[in-house]
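# Coordinates in review
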There are 2 protein chains.
Amino acid sequence: MRNYNESYTGKINRKLAKKLRIVEVAAGREQADLVLKNASYVNVFSNQICQGDIAVAEGLIVGLGRYAGKEEVDVTGKIVLPGFIDAHIHLESSLVSPKEFAKAVLPHGTTTVVTDPHEIANVMGTDGIEYMLQATEGLPVDVRFMLPSCVPSTPMDESGAVLDYRSIDSFYDHPRVQGLAEMMNYPGVIGGDPQVIEKIVAAQAHHKKIDGHAPGLVGNDLNAYVAAGVYSDHECSELDDAIAKLERGQFIMIREGTAARNLKALLPLLTPQYAERCMFCCDDKHPSDLLNEGHIDDLVKRAIAAGVDPIIAVKVACHHAARYYLLNNRGAIAPGYLADFMVIDSFESFSIEKVFKRGELMYDGRAVKDFPAPEIDPYLVKRAHDTFHVASLTGSDFMDSRPRGVIGIVPGEIVTKDCGYAKEIDPAADILKIAVIERHKNTRHIGIGYLKGYGLKSGAVATSISHDSHNIIVVGASEEEMAQAANRVVENHGGIVVCQKGAVAAEVVLSIAGIMSDAPLQQVNEQLEHAKEIAFTLGVNRKIDPFMTLSFMSLPVIPTLRLTTRGIIDVGSQQYI
Amino acid sequence: MRNYNESYTGKINRKLAKKLRIVEVAAGREQADLVLKNASYVNVFSNQICQGDIAVAEGLIVGLGRYAGKEEVDVTGKIVLPGFIDAHIHLESSLVSPKEFAKAVLPHGTTTVVTDPHEIANVMGTDGIEYMLQATEGLPVDVRFMLPSCVPSTPMDESGAVLDYRSIDSFYDHPRVQGLAEMMNYPGVIGGDPQVIEKIVAAQAHHKKIDGHAPGLVGNDLNAYVAAGVYSDHECSELDDAIAKLERGQFIMIREGTAARNLKALLPLLTPQYAERCMFCCDDKHPSDLLNEGHIDDLVKRAIAAGVDPIIAVKVACHHAARYYLLNNRGAIAPGYLADFMVIDSFESFSIEKVFKRGELMYDGRAVKDFPAPEIDPYLVKRAHDTFHVASLTGSDFMDSRPRGVIGIVPGEIVTKDCGYAKEIDPAADILKIAVIERHKNTRHIGIGYLKGYGLKSGAVATSISHDSHNIIVVGASEEEMAQAANRVVENHGGIVVCQKGAVAAEVVLSIAGIMSDAPLQQVNEQLEHAKEIAFTLGVNRKIDPFMTLSFMSLPVIPTLRLTTRGIIDVGSQQYI
């Protein structure tokens, strides 16, 4: 453990002792802690498969060649790869705690992720960032942070916090903070909004990276965005878009997540001409996708299956992200690098047989080795489990005599349609009532509108996952059941609730900030799939995800209509209707 | 200028104002300071030649495409390249001040160099490092520093200072210090010498780079050296050596300097398989070579002439060094990057027509634009010009009744031969007397020996350039003239003196720490060439460099015999003979 009272001399001495042992082992004068015998390993520097023993000491790879170890693992005929790095993820999207996330991705060879705690920061502000830092300390998947750049996403949002550059500034000193996360407010950057640009300036003053988010930006606007200091983009869904950004110096994060799947369109980047500037990321990955598809390994497998050179695919999955984020001792199998690696059978079948983290076998092909949950300040634990400040609701809170706009769902898309106005619920015509309930500060702000295309015939569905402010969204065939579902979400300190006939028919408790569960991923996934099934039986259109669809209904930056805590907004004109 | 009293808020505001203007220009709302119209430029990201205008504001490239500028330069038909970076140089080897060095290399497209002030540090210790930092502040060639790791080179050396990790530690906070310079004491690293390894540990604690220097190291010893934390090497003279290091993760600096020329042997590295891990450097470059050959441009030209893809050659000459040293805003033509670039006619003839530094035309094809000399603390100026502490010498100081070893010169090589013993000077038999005079602390230590193969028939030659401690080396056909030449070096506060018939026949004054001149490069070169010619007329073998040959005679790490201030040493056995 780190000694917080240690002097600089003490620190140097401590590191020296470790380094001296590394040199002893590397030079062959002392036995290694672990040796992978007869390895074929991907050499990311010479772009080939090399052969030899891999010696490990003090959690680092110390030598390649011929070594003896206290423990020896023969890997003849197998291929050893560096551990994978997810260059951009919101850990909250897994709906589980970081510990449970780590357990889920270790079997997929992930040993490092770079997270943007943007969701929890919208709920808990800087306490949310600190909570995630503590909840990830010492995990066997290294979690590095990019600080949220856009909380709230827009001034229309009523989130739990407003973060300017000063609010996040002290976090740059944390050894696991790499920079400023996706600068989604690209109009603010291009338009020269000082409050947006000073966030970039501050990140640069700390010599940190700034990630981008600017779908389809071109020409001089793109120049302005890049010149401002935004170094990467993960929003490219078309090749031309990606090449325009890459040519201007941005690194491209190729994304395959639950909502967006860009690998196929961007496959031509995975060639010698462009691959050096590319990484992989998932951005958002829901429980069922993590369980069914995997993680970064899924991108690597798909890329190889599509004909990409396996060594290029592997480098994009680890080495390039490490260099981009200045994580200089990972993403390669070489002396001095972290002993983060996996053993696979072959590039063709790509079965991950073993995963090592800092030289420790964390996944043996069957199970993940147990590890302790990080300690979190009791204050923060209490704070994270007490983020709902909403007085009890009744059906009358959702009554409204005025006509309100009707948001039309487009199955398979995140955009919505403008479906005119309605005055009351009419399930037969597929007109449901939808409401967004401000839940951070008990303001009793409740935005009301109507929803078409959801399909519910009776009951109500409520969720506290609603991007980006994570207020409560509820949709229902009756105001009473809407109130009941929303009250139950508050009672649970967050999550998803399906009500029918005045009773809770299904629920998923997400009591960490209302967006994550303390339960294991498998269990959360089962609850979620069960709740979805109940929602479908209540009539919800099977072509949509009953909860994810709702969670985007309050994000006032995506066309056409959205519902905020203050009413329905026309995103194009930015006017309430 | 930087305002040293500025608060953090003040700093952010200042940078914000500049950034807002950059965004205005990039977005096309405001005129650029400079536009290169119709440029064909090397795109280091997409590995091709791109077309478009290059817009500059606030010293940065802000946009690529179509722009209008207050000043416009049409470069139709020309090629624009990023400014070159020398990844490893000892500026002192140019024998001139940093300002004069900058004037000499700007016409060659060099806009950044990474220097190891190892020579001056051996004379002046940390004051030497500080002198060089001040002497390079604000120059139109950016000078970044690696801190000397091996002062003195060995305990046998009597240098002006002994630098341990604590001595250099505070320099890591300087914004132009990138790390720890070439770790020449590789036996100390591999052997686990704590005082050597703690220097590496301290550099890592500051998140800095550590350069290497380990010719021919292989196998587990190389593993130990790399695992200890040494990230690069510039001593590869054979391809196998370079590939072994590259495969273990070291970056390879391909060197063409005055003493060592490695490009030809390492050309196979300049291919897509390896080039990403390579840079160019010159290490040491004497005045005549700078004037006759050029600088990094010479490597680029030679590489292209040898068939290397010009885009690879250019990337190795700029972009790769920038990434290695984390100089993230240089080495490319893209928004946000420094406007450091050159205009050439074509890759074939490679004539450099214009060189811009931070958007300012510094070389127009004919002359270098004048710029002010950096201000240096008067204390340091005085200290640098007063580094000789030697009482006046007479012929009797060089008299010796004992037999002494004879060092045999091998023309064209840096190694020497053991030529037995001698008791007195015998010019007819080419036996001259050689002495090393401790000159830092007036210890009156004078090592005496004999030299064969130099060829001097009469007179004496003295120089205060003597690696690495820069004591005075003098060789002569008479003890009286040896004393006279050495005294004249002291009188001049350093340099080279050729005496004949009791008079000074030629001299080069190097009064900055006894190793650099305040005069322009051209003038120093003329003096030097004149002095060489005089030395030749006195009989010095024309197959050797009269002064450079002497300057290595006291470096007790290169076989076979060397002369220190305490006598002749057999390098192999490390015993005085």
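Here the structure is a predicted model, which is why all the values come from computation and not from measurement.

How each quantity is defined
- Residues numbered from 1 in each chain as written.
- Chains lettered and ligands numbered in written order.
- Predicted model: local features only at pLDDT ≥ 70, side-chain atom pairs only at ≥ 80, totals over all residues.
- Heavy atoms only, no water.
- Helix = DSSP H or I, 4+ residues; strand = E, 2+ residues; numbered from the N terminus.
- Rg over C-alpha atoms; globule rule 2.2 N^0.38 Å.
- Buried < 20%, exposed > 50% of the residue type's maximum accessible area, 1.4 Å probe, protein only.
- Lys, Arg positive; Asp, Glu negative; His and termini not counted.
- Charge placed at Lys NZ, Arg CZ, Asp CG, Glu CD.
- Disulfide = S-S within 2.5 Å.
- Pairing = 2+ DSSP bridges.
- Axes fitted to C-alpha atoms, helices over the stretch in contact; angles between N-to-C directions.
- Contact = heavy atoms within 4.5 Å.
- Least-squares fit on C-alpha atoms with pLDDT ≥ 70 in both.
- Phe/Tyr/Trp six-rings, centres within 6.5 Å; stacked < 30°, edge-to-face > 60°.
- Lys NZ or Arg CZ within 6 Å of the ring centre and 35° of its normal.
- Buried area = accessible area lost by both parts, 1.4 Å probe.
- Salt bridge = Lys/Arg side-chain N within 4 Å of Asp/Glu carboxyl O.
- Nonpolar A, V, L, I, M, F, W, Y, C, P; charged D, E, K, R; others polar.
- Expected span 1.5 Å × (residues − 1).

The next thing to look at is the overall build of chain A. Along its length, chain A carries 18 helices and 27 strands. Since a compact globule built from 577 residues should have a radius of gyration of about 25 Å, the 25 Å found for chain A is in line with a globular shape. Taken along the three principal axes of its C-alpha coordinates, chain A extends 85 × 50 × 50 Å. Considering chain A as a whole, with its 577 residues, one finds that 64% of them fall into the buried category. Of the side chains in chain A, 56 bear a positive and 73 a negative charge, and the two mean positions are spaced by 3 Å.

On to the state of the cysteines, then. Here the structure, examined in full by the defined rule, presents zero disulfides over all chains. Cys281 of chain A forms no disulfide, and the closest cysteine sulfur to it belongs to Cys282 of chain A, at a distance of 6.8 Å.

We now examine the sheet that holds strand E26 (residues 567-570) of chain A. Two pairing modes exist for strands in a sheet, parallel and antiparallel, and in both the strands are linked by backbone hydrogen bonds. All names here are of chain A. Reading across the sheet, the three strands line up as E25-E26-E27 and stay open at both edges, with antiparallel pairing between neighbours. Looking along the sheet, the strands with just one partner apiece sit at the ends: strand E25 (561-564) and strand E27 (575-576). Summarising the sheet, E26 and E27 pair through two bridges and their orientation is antiparallel. Note on E27: the bridge partner recorded for Asp570 is Gln575.

So, about helix H12 (residues 296-305) of chain A. Three or four residues apart is the spacing at which side chains of an α-helix point the same way, because the helix has 3.6 residues per turn. All names here are of chain A. In terms of burial, H12 is largely enclosed, as seven of its 10 residues are buried. Within H12 the residues assigned to the buried category are Ile296, Asp297, Asp298, Leu299, Val300, Ala303 and Ile304. Directly after H12, the chain includes Gly307, whose backbone phi takes a positive value near 105°.

Residues and elements named next belong to chain B. If you walk across this open sheet you meet the five strands as E6-E7-E8-E9-E10, and the pairing is parallel. One side of each edge strand has no neighbouring strand; the edge strands of this open sheet are strand E6 (84-89) and strand E10 (209-212). Across the sheet, the mean angle from the axis of one strand to that of its neighbour is 30°, orientation sign disregarded. Here helix H7 (residues 194-205) sits on the sheet in contact with strand E9 (177-183) and E10, set at roughly 160° to E9.

Mapping chain A onto chain B is achieved by rotating through 180° and translating by 0.0 Å along the same axis, at an RMSD of 0.1 Å. The superposition of one copy onto the other is thereby described by a two-fold rotation axis. A high fraction, 100%, of the interface residues of chain A reappear at the interface in chain B, so the copies pair face to face through one surface.

Another aspect to go through is the packing of aromatic side chains. Within the structure shown, the criterion is met by 14 aromatic pairs over all chains. Plain terms: the ring middles of Phe341 of chain A and Phe356 of chain A are 5.2 Å apart, the flat faces sit at 50° to each other, and that makes the pair tilted. Taken together, the residues span a long stretch of sequence, with Phe341 of chain A in strand E14 (residues 341-344) and Phe356 of chain A in strand E15 (residues 352-357) at a distance of 15 residues. One exposure class covers both Phe341 of chain A and Phe356 of chain A, and it is buried. One aromatic cluster is present, built from ring pairs that chain together Phe251, Tyr324 and Tyr325 of chain A. Here Lys99 of chain A stacks its cationic end above the ring of Phe371 of chain A, 5.2 Å away from the centre of that ring. The cationic tip of Lys209 of chain B hangs over the ring face of Tyr231 of chain B; the distance from NZ or CZ to the ring centre is 5.1 Å.

A separate point is the interface of chain A and chain B. Every contact between the two is made by 68 residues of chain A and, on the other side, 69 residues of chain B. Broken down residue by residue, the surface that chain A buries against chain B is led by Lys19, Phe45 and Arg323 of chain A, which jointly contribute 12%. Put simply, chain A and chain B have two salt bridges between them. Lys315 of chain B serves as the salt-bridge partner of Glu276 of chain A, at 3.7 Å between the closest nitrogen and oxygen. It is helix H1 (residues 8-26) of chain A that provides the largest number of residues to the side of chain A that touches chain B, a total of 12 residues. Along the lines of polarity and charge, the residues of the side of chain A that touches chain B split into 35 nonpolar, 17 polar and 16 charged.

Residues and elements named next belong to chain A. Counted residue by residue, strand E17 (residues 404-409) has five buried out of six residues, so it is predominantly covered. Note that E17 and strand E18 (residues 416-422) share five bridges and pair antiparallel. Note that in E18 the partner of Arg404 across the bridge is Ala422. From the end of E17 to the start of E18, which pair antiparallel, there are six residues, and Gly412 there has a positive phi angle of about 80°. Across three bridges, the pairing between E17 and strand E20 (residues 446-452) is parallel.

This next bit is on helix H17 (residues 521-537) of chain B. All names here are of chain B. Here H17 spans 24 Å end to end across 17 residues, near enough to the 24 Å set by a 1.5 Å rise per residue. Those residues of H17 that fall on the buried side of the exposure criterion are Leu521, Val524, Asn525, Leu528, Ala531, Lys532, Ile534, Ala535 and Phe536. Buried residues along H17 sit in contact with helix H2 (98-105), helix H11 (287-292), strand E23 (495-500) and strand E24 (503-509). One or two steps after H17, the chain reaches Gly539, where phi turns positive at roughly 115°.

What follows covers unusual backbone geometry. With an omega dihedral of -10°, the bond running from His467 of chain B to Asp468 of chain B counts as a cis peptide bond. Along the chain, the position of Asp468 of chain B falls in the loop between strand E21 (460-463) and strand E22 (472-476). In the segment running from Pro559 of chain B into Thr560 of chain B, the intervening peptide bond is cis, with an omega of 5°. When you line up the elements, Thr560 of chain B lands in the loop between helix H18 (548-551) and strand E25 (561-564). The backbone of Gln574 of chain A shows a phi angle near 55°, a positive value even though the residue is not glycine. Note that Gln574 of chain A resides in the loop between E26 and E27. You will see that Arg444 of chain B, though not glycine, has its phi angle at about 60°, which is positive. You can see Arg444 of chain B is positioned in the loop between strand E19 (431-437) and strand E20 (446-452). Judged by relative accessible area, which is 43%, Arg444 of chain B ranks as partly exposed.

Inspection of every chain in the model, using the stated rule, returns 81 salt bridges over all chains. A salt bridge links Glu293 of chain B to Lys285 of chain B; the nearest nitrogen and oxygen atoms lie 3.0 Å apart. In this structure, Asp397 of chain B engages Arg444 of chain B in a salt bridge whose closest nitrogen and oxygen atoms are separated by 3.3 Å. Highlighted residues: Asp397 of chain B in the loop between helix H15 (378-384) and strand E17 (404-409) and Arg444 of chain B in the loop between E19 and E20, separated in sequence by 47 residues. Taking the relative accessible area as the measure of exposure, Asp397 of chain B reaches 21% and is therefore partly exposed. Several salt bridges share partner residues, and in doing so they unite Glu256, Arg261, Lys285, Asp289, Glu293, Asp298 and Arg302 of chain A into one network.

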